[in-house]
Every structure is written in structure tokens, then in C-alpha cells.
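Understanding the architecture of this molecule
Here are the chains, one letter per residue:
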Amino acid sequence: MQHTQYISTRGRMAPAGFMDVLLAGLAPDGGLAVPDRLESLTADRLENWRPLGYADLATEIIGLFATDVPRDDLAALTRAAYGEPRFPQPVVPVTALGDVADGLVLVGLSEGPTMAFKDLAMQFLGQAIPYVLAKQGRVLNILGATSGDTGSAAEHAFRGQEGVSVFMLSPAGRMSPVQRAQMYTLQDANIHNIAVRGVFDDCQALVKALSNDADFKEAHHLGAVNSINIGRIAAQAVYYVWSWLRVTDAVEEGARAGYRVDVCVPSGNFGNIYAGFLARSMGVPIRRLILATNENNVLEEFFTTGVYRPRSATDTLATSSPSMDISKASNLERFIWALLGPEAFVQRWTELEATGTLDLRDQLSRLGEEFGFVAGRSSHADRLEAIRTVKERSGRLIDPHTADGITVALRTMEPGFPTLVMETAKAAKFPQTVAEALGKDPEAPDIIADLLTQPQKVETIDNEEAPLRALIEERALTS
Ligand SMILES: *Cc1c(COP(=O)(O)O)cnc(C)c1O
């Protein structure tokens, strides 16, 4: 097998291996790392993988991206990440929702410890990053800001791991009780929960200020594991292959090769669906990539008009699917690079930075015809209706983000093609909206009721740099 190297979308980074870009955030030229080649997944190859369990399939798929990690090492990492007790097997259950609509399928991405799809990628990083750090004799202090899902997924992935600590900022009093409990009940010595008297943007501004202080960053070995991390993307590509295999398990053997499905993905930062785009580009028979947004519809606007117009934080609405309240999709740069090619990309991206808008109407027909993208959006009322409909017809509870996906899938699906909706969180994580939809509180699962009674560990600071710097100086791991 050939080596895969990583280059920057902005074209000014020497090719680097997976392990090198795994620990880096943005490329030194401000761009994002992209693979310089994609492996081709032929029908035979996919068929050979059919008997594999999730962890072993992950070794195969991530191995296509991480060609510099020895195979046996990678197998140990994926087994640790996707074994019990972190995930109940089969890790990603694939369930037909034929009672809701013929051909509708739910892909369960939220069975991990924090009940959101981010666990699938983050648990891999929780193994892979300590592995790379140990090899390179380094330590890492992860500094991040969260409004909910990412922070708790990171903390659960890195708790108790060697050579890594996590400093996670969250807006004091602004997360749901379940989200708070998932983070603040962790008592591990390497997990530091810091509640900031402010909003999420304040937390993010503090992280940015410290990360931009190159001396402080280097002195304290600060780093991030945000949604642009290439390891997260590689780990997310796995479940697109997995879910295609599970849907075609039920198809007659002779008809499996090239059996096409549609995939619908509730989207915010374009990380999840970008992994689907890579899987499709490698040859997984995905016909259409259906992108679902909520009222914050920058991505829906781009894929339906060809114009990408990021919005400011003040123009971002607070919706009932909060993990998709994003108005600048950080991973979209990777797709636009693939769309335009390296040279045209650099030129057109300058246009975006100069004017705040990227007008790609000349590429609009390619988005659908060549790349299979379709987009739609949901409103709060749509999500409530989707939660009700799925409950009434199938007995199953879905969360408001998945409800975005169901809404858009039901509007766009076509006969003859199974439509797979990515379940990006569990209903129990967002009980308020589910209760509003059903007119009564859903019963909290025992595990959540129990979690809410456990002692919490969090320090609250003012919205200022000084107390945060002091905390990091005192607690950060030193090499
Ligand atoms: C992060 C998240 C999303 C959006 O995923 P992206 O990769 O940012 O597009 C959707 N739903 C839930 C529940 C999430 O946590």
C-alpha cells in the first residue's frame, strides 16, 4: 500500500504524515490538512470487510489514512477505543424505520459514553494521541471551549490517560443539567472543568487569546482537539462504510456490488458529512449526501445557491438543536479545496477572506451532479413534529438534532434508495425539547438519573485571562 501524506489546503506546508498532523491544529499557513491521495474501495474490498466487527473495520479504514502507524499498533488502538465498556457492541447499530417511511434507516452513532456522535471520533483520539505523545516523548494540555457535546466527549475520551490533561471552558449556568453532569462529575486528576461567568463566545475568546500567545502556548504544551482534527475525520469515515455494509447485509448477494444508498447528516461544522464525502469519493456506493441544517442554514444556503456567506456569532440563532448552531463551517474549506482543485482554491479563498462571501454559483450544478449533495433545513416546529411522528409510528425516541435529519430525509428521499439518517445524539440528552414534542416528560433512563445525583467538580472564574492563565500555570502537565 502507498503512503498517504497530508498537505495544506492553502498550499504552503511540506507534506507530513498522519501522526504529525494529528497533534497540529491549523497548518502553519492557516489552512487545513488534507490527504494527498485517496485509496479506492472496490466492491471486492468492501465485500472482504463484511465479516469484520466495528473495531477491526476501523483499523482497515483509519489505516488508509494513518499509513505511518504500524498495523498492529493501530489494531490495539481501535480495540481499546471501540471495545466494551466504552461502547456496547455492535458500536453502531443500524435500524430500519420502515414504520416511519419505506426505506428509512437510522444509524446509531450515539451509543458512546456522552450519548453523541462525537464519542466515535473522540474515543479514537483518546487512544491515538497518547500513543503519539509517548512515541515522541511529549505531553499535551488540551485547552478547549464547549457549549456541550464536544467538551464532554473529549473529557470522557482522555480521562485517566497518560501524558494528556484537559482544560475545558464552559459558560457558567448555560448548559443543560445532563450536559453539565456528564462533564462535571468526572473526578479524574487530569480533567479540569472551568466554568466562565459569560457565554460560549467568551469561553472561545479566552481560548483564542491564550492559543495566540505563542510563548505561553509553547511553555505549557497547549493544544486542541477541535472538529478540524484529521484523526476525527478519519475515524468518522468508518461508520459510512459500516452502515453501507449493514444495510447491504439484507440485500441478495448478487445485487450488493454498487448498491446505492442516500445518507442524511445533521450538520454544523461540516465535519461529519465531510467524512461521508471522503467515503463516497473512495467508492462507497453513496448516491446522495443529504445535508440537514436547522435555522442556522449557512450550509443549506451554500448547497442550494452556490454562495457561501458565513455569519457572525450575533447573527447565529439559539435553536433547539444547539450543537448545530454554527454559522461558519470550519471543515467546508476541505470540500471547497476538493471542488476547485489546489490552484483555483487559493485564488477564490482570498475572495472569501476579502469580502466575507464566496460566490461559487459557477460550480452549483457540480455540487449535486458530481458530488451528490442535496440540502434542506428544519424549523423548531418541524423537529417537534419529527420527534412525535417517529415516536408514534415506531415507538422510538429521537433527539432534536436527529429530528433535523429525519425532517430533511422525509422531504428529499426517493423510492428505490434506502435513506440512512445519522443519529447524532440520544433523546435523553435533550429531554426538554423531547418533552415539548410529546407533551410529557420522557422517563430519564436510570443511568442519567444516577448521573444527576453524583458530586460535581468545577471551578468558576470571571471572564478574564488572568485567572485562566494562573490555573494552567499551576496544573498543566510539564514534560
Ligand atoms: C456536533 C454535532 C452536530 C454537527 O456535526 P458537524 O460535524 O459539526 O457537522 C450535529 N449533531 C450533534 C448532536 C452534534 O453534537
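About the criteria used
- Residues numbered from 1 in each chain as written.
- Predicted model: local features only at pLDDT ≥ 70, side-chain atom pairs only at ≥ 80, totals over all residues.
- Heavy atoms only, no water.
- UniProt positions renumbered as here; feature names shortened; annotations may be inferred.
- 1 Å grid on protein atoms, 1.4 Å probe; cavity = no way out; pocket = protein on both sides within 12 Å on 5 of 7 lines; lining within 4 Å.
- Points joined across faces, edges and corners; volume = space filled by probe spheres on them.
- Helix = DSSP H or I, 4+ residues; strand = E, 2+ residues; numbered from the N terminus.
- Nonpolar A, V, L, I, M, F, W, Y, C, P; charged D, E, K, R; others polar.
- Domains from an automatic or database assignment.
- Buried < 20%, exposed > 50% of the residue type's maximum accessible area, 1.4 Å probe, protein only.
- Contact = heavy atoms within 4.5 Å.
- Expected span 1.5 Å × (residues − 1).
- Near = heavy atom within 4 Å.
- Polar contact = N/O pair within 3.5 Å; in protein donor to acceptor, adjacent residues only side chain to side chain.
- Areas by Shrake-Rupley, 256 points an atom, 1.4 Å probe, with all protein chains shown as cover.
- Core = buried A, V, L, I, M, F, W, Y, C linked by side-chain atoms within 4.5 Å.

By the naming in an unreviewed UniProt entry, the protein chain goes by Threonine synthase and is assigned to Actinomyces johnsonii F0542. Under the UniProt heading Cofactor (unreviewed entry), the note attached to the protein chain is "pyridoxal 5'-phosphate". Annotation of the protein chain in UniProt includes, under Sequence similarities (unreviewed entry), the sentence "Belongs to the threonine synthase family."

**Thoughts on the layout of surface pockets**
Considering only enclosed or pocket space, the second largest pocket measures out at about 500 Å³ in volume. Considering the residues around the second largest pocket, the lining is formed by 22 residues, among which Pro-113, Met-115, His-156, Ile-447 and Leu-451 are closest to the centre. If one sorts the elements of the lining of the second largest pocket by residue count, helix α19 (residues 446–452) sits on top with four residues. Partitioned by chemical class, the residues of the lining of the second largest pocket number eleven nonpolar, six polar and five charged. Counting residues domain by domain, the lining of the second largest pocket receives three or more from each of domain 1 (6–117 + 229–434) and domain 2 (139–220 + 451–475).

**Section: helix α7 (residues 177–184)**
In terms of burial, α7 is largely enclosed, as six of its eight residues are buried. Residues Val-178, Gln-179, Ala-181, Gln-182, Met-183 and Tyr-184 constitute the buried set of α7. Those residues of α7 that are buried lie in contact with α6 (149–158), β6 (164–171), β7 (191–196) and α19.

**Quick word on helix α17 (residues 400–412)**
Between its first and last C-alpha atoms α17 spans 19 Å; for 13 residues at 1.5 Å apiece the expected length is 18 Å, and the two agree. Counting buried positions over the 13 residues of α17 gives eleven, a clear majority of the element. Residues of α17 that are buried: Pro-400, His-401, Thr-402, Ala-403, Asp-404, Gly-405, Ile-406, Thr-407, Val-408, Ala-409 and Thr-412.

**A look at the site of the ligand**
In the vicinity of the ligand, 15 residues are found, and the nearest of them are Lys-118, Asp-149, Gly-268, Asn-269 and Asn-272. Within the side chain of Asp-149, a nitrogen or oxygen atom sits 2.7 Å from an oxygen atom of the ligand. With respect to the ligand, the backbone of Phe-270 contributes an N or O atom lying 3.1 Å from an oxygen atom. Alone, the ligand offers 380 Å² of accessible surface; in the complex the protein occludes 97% of this. In terms of residue class, the shell around the ligand is made up of five nonpolar, eight polar and two charged.

**Quick notes on the nonpolar core**
Counting residues in hydrophobic clusters, the biggest one holds 112 residues, and the most contacted among them are Tyr-82, Phe-270, Phe-303 and Phe-335. Per-element accounting of this core gives the leading share, 13 residues, to helix α10 (residues 230–249). Composition of this core by domain shows at least three residues from each of domain 1 (6–117 + 229–434) and domain 2 (139–220 + 451–475). Beyond its immediate sequence surroundings of up to four residues, Phe-270 is in contact with Leu-291, Leu-299, Phe-303, Ala-329, Asn-331, Leu-332, Phe-335 and Phe-373. If you look at the next biggest cluster of nonpolar residues, it comprises 22 residues, including Ala-101, Leu-106, Leu-384 and Val-408.

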